[in-house]
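Read off the chains here:
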Amino acid sequence: MAKIKPQALLLQSKKKKGPSRVSIPTIMLYGVIVAVMVFFLFATYRHWSRRSMIQTHDDLSTSEGENSLIEHTESDAPKYAFISTSKGSITVELYKDGSPDIVDEFVDFCQKGHFKGMQFNRVIKHFVIHGSKVDKLDATEDWTSRGKHYSRLDTSLKHEAFMLGTSKTKHESGGFDLFITTAPIPDLNDKINVFGRVIKGEDIVQEIEEVDTDDHYRPKTPVQINEVTLKYNI
């Protein structure tokens with residue numbers, strides 16, 4: 001057996017100790033692992049970031065809701081009423097400052113659903129339309145006679161049309177009736193507690209005013225209030 005020379009043996013030893021080359025598949029595998037880890041970290045960060053934003057939005061919404069509730073409490077009563085009728089919708093601005101007690105009473109009756117199905121049982125052209133759940137002829141005799149009188153007067157009077165009010169004389173049933181004027185009335189405050197005015201839907205009021213009526217000013221075709229919705233703003 002031939003002997004290996006010392007110099008050849010040294011070279012052979014150096015070759016064995018040298019670093020082995022990394023294969024391309026191994027590099028690709030490491031690259032995939034790194035990419036997966038980066039994606040996982042990014043996804044985790046995005047998840048917690050979104051959760052933080054949602055939590056902040058919920059906190060702001062809760063704060064806004066509480067502030068809105070405080071504002072509503074401070075205002076004591078809604079500022080507007082939407083009267084839905086079989087002819088269309090009428091928007092009314094409520095005079096909380098001028099008639100606080102009447103507005104509070106009106107709001108209370110609205111919340112109890114008192115006006116649902118209420119009929120406009122008196123329609124006097126160029127005067128008023130009257131909604132009530134009590135249909136008594138003697139209760140409106142004075143109003144009908146006044147209507148005949150005022151329809152012949154000049155319209156440049158001190159009281160405006162499209163005012164919302166209720167009778168000063170309470171019904172025996174404890175109800176709450178509604179008057180909407182369709183023309184200026186000189187002594188409006190003698191008979192009605194005014195607590196609002198129509199700001200939208202004047203054409204609906206006029207359409208109701210034009211319905212055919214019998215000799216007692218009752219509409220031949222029923223016209224009713226479907227419901228009254230209260231609003232703090234429009």
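Please read these numbers as outputs of a predicted model, since none were measured by experiment.

All right, on to the sheet that holds strand 6 (residues 178-181) then. Strand order in the open sheet formed by eight strands is 3-4-6-5-7-2-1-8, with antiparallel pairing between adjacent strands. Both outer strands of the open sheet, strand 3 (119-124) and strand 8 (225-231), are each paired with one neighbouring strand and no more. On average, adjacent strands in this sheet sit at an angle of 30 degrees to one another, irrespective of strand direction. With four bridges connecting them, strand 2 (residues 88-94) and strand 7 (residues 192-200) associate as antiparallel partners. Within strand 7, the position partnered with V92 by the bridge is V198. Strand contacts of helix 3 (residues 100-111): strand 1 (80-85), strand 2, strand 5 (163-167), strand 6, strand 7 and strand 8, with the helix running at about 120 degrees to strand 8, the strand carrying the most contacts.

This brings us to the nonpolar core. Of all hydrophobic cores here, the largest spans 32 residues; its most connected members are F106, F115 and F195. Sorting the residues of this core by element identifies strand 1, strand 2, helix 3, strand 3, strand 6, strand 7, helix 6 (202-209) and strand 8 as the ones contributing at least two each. Among the elements that line this core, the one with the most residues is helix 3, at six residues. If we ignore the near neighbours within four places in the chain, the residues touching F106 are A81, L94, F115, F176, L178, F195, V228 and L230.

Turning next to the packing of aromatic side chains. All chains considered together, the criterion is met by six aromatic pairs. Between F106 and F195, the aromatic rings sit 5.1 Å apart at their centres with planes inclined by 45 degrees, giving tilted as the arrangement. With F106 in helix 3 and F195 in strand 7, the pair connects residues that are 89 residues apart, well separated along the chain. Note on accessibility: F106 and F195 belong to one class, buried. Measuring from ring centre to ring centre gives 5.9 Å for F115 and F176, while their planes differ by 90 degrees; the resulting arrangement is edge-to-face. Residue F115 is located in the loop between helix 3 and strand 3, and its partner F176 is located in the loop between strand 5 and strand 6; the two are separated by 61 residues in the primary sequence. Note on F176: relative accessible area 1%, which makes it buried.

With that settled, consider the UniProt feature "transmembrane region" (unreviewed entry) in the protein chain. According to UniProt, the feature "transmembrane region" (unreviewed entry) maps to residues 27-45 in the numbering used here. Secondary structure over residues 27-45 splits into 100% helix and 0% strand, and the C-alpha atoms at its two ends are 27 Å apart.

Basis of the calculations
Every residue gets a number counted from 1 within its own chain, in the order that chain's sequence is written. Where local features are concerned, this predicted model is filtered to residues with pLDDT of at least 70; where side-chain atom pairs are given and counted, the filter is 80 or more; whole-chain, interface and lining totals use all residues. As a rule here, side-chain values cover all heavy atoms of the structure and leave hydrogens and water aside. Pairing between two strands is assigned when DSSP locates at least 2 bridges connecting them. A run of DSSP states H or I qualifies as a helix once it reaches four residues; a run of E qualifies as a strand once it reaches two. Both are numbered from the N-terminal end. As a rule, the C-alpha atoms of each element are fitted with a line to give its axis, helices using only the stretch in contact, and angles between N-to-C directions run from 0 to 180 degrees. Only heavy atoms enter the contact rule, under which two residues are in contact if any of them lie within 4.5 Å. Think of a nonpolar core as a cluster: buried Ala, Val, Leu, Ile, Met, Phe, Trp, Tyr and Cys residues, connected wherever their side-chain atoms sit within 4.5 Å. Only protein chains enter the calculation, and the probe is 1.4 Å; a residue is then buried if its accessible area is under 20% of its type maximum, exposed if over 50%, and partly exposed in between. Aromatic rings from Phe, Tyr and Trp, taking only the six-membered ring of Trp, are treated as a pair when their centres fall within 6.5 Å; an angle between ring planes under 30 degrees marks them as stacked, one over 60 as edge-to-face, and anything in between as tilted. UniProt positions are given in the numbering used here, feature names are shortened, and annotations may be inferred rather than shown by experiment.

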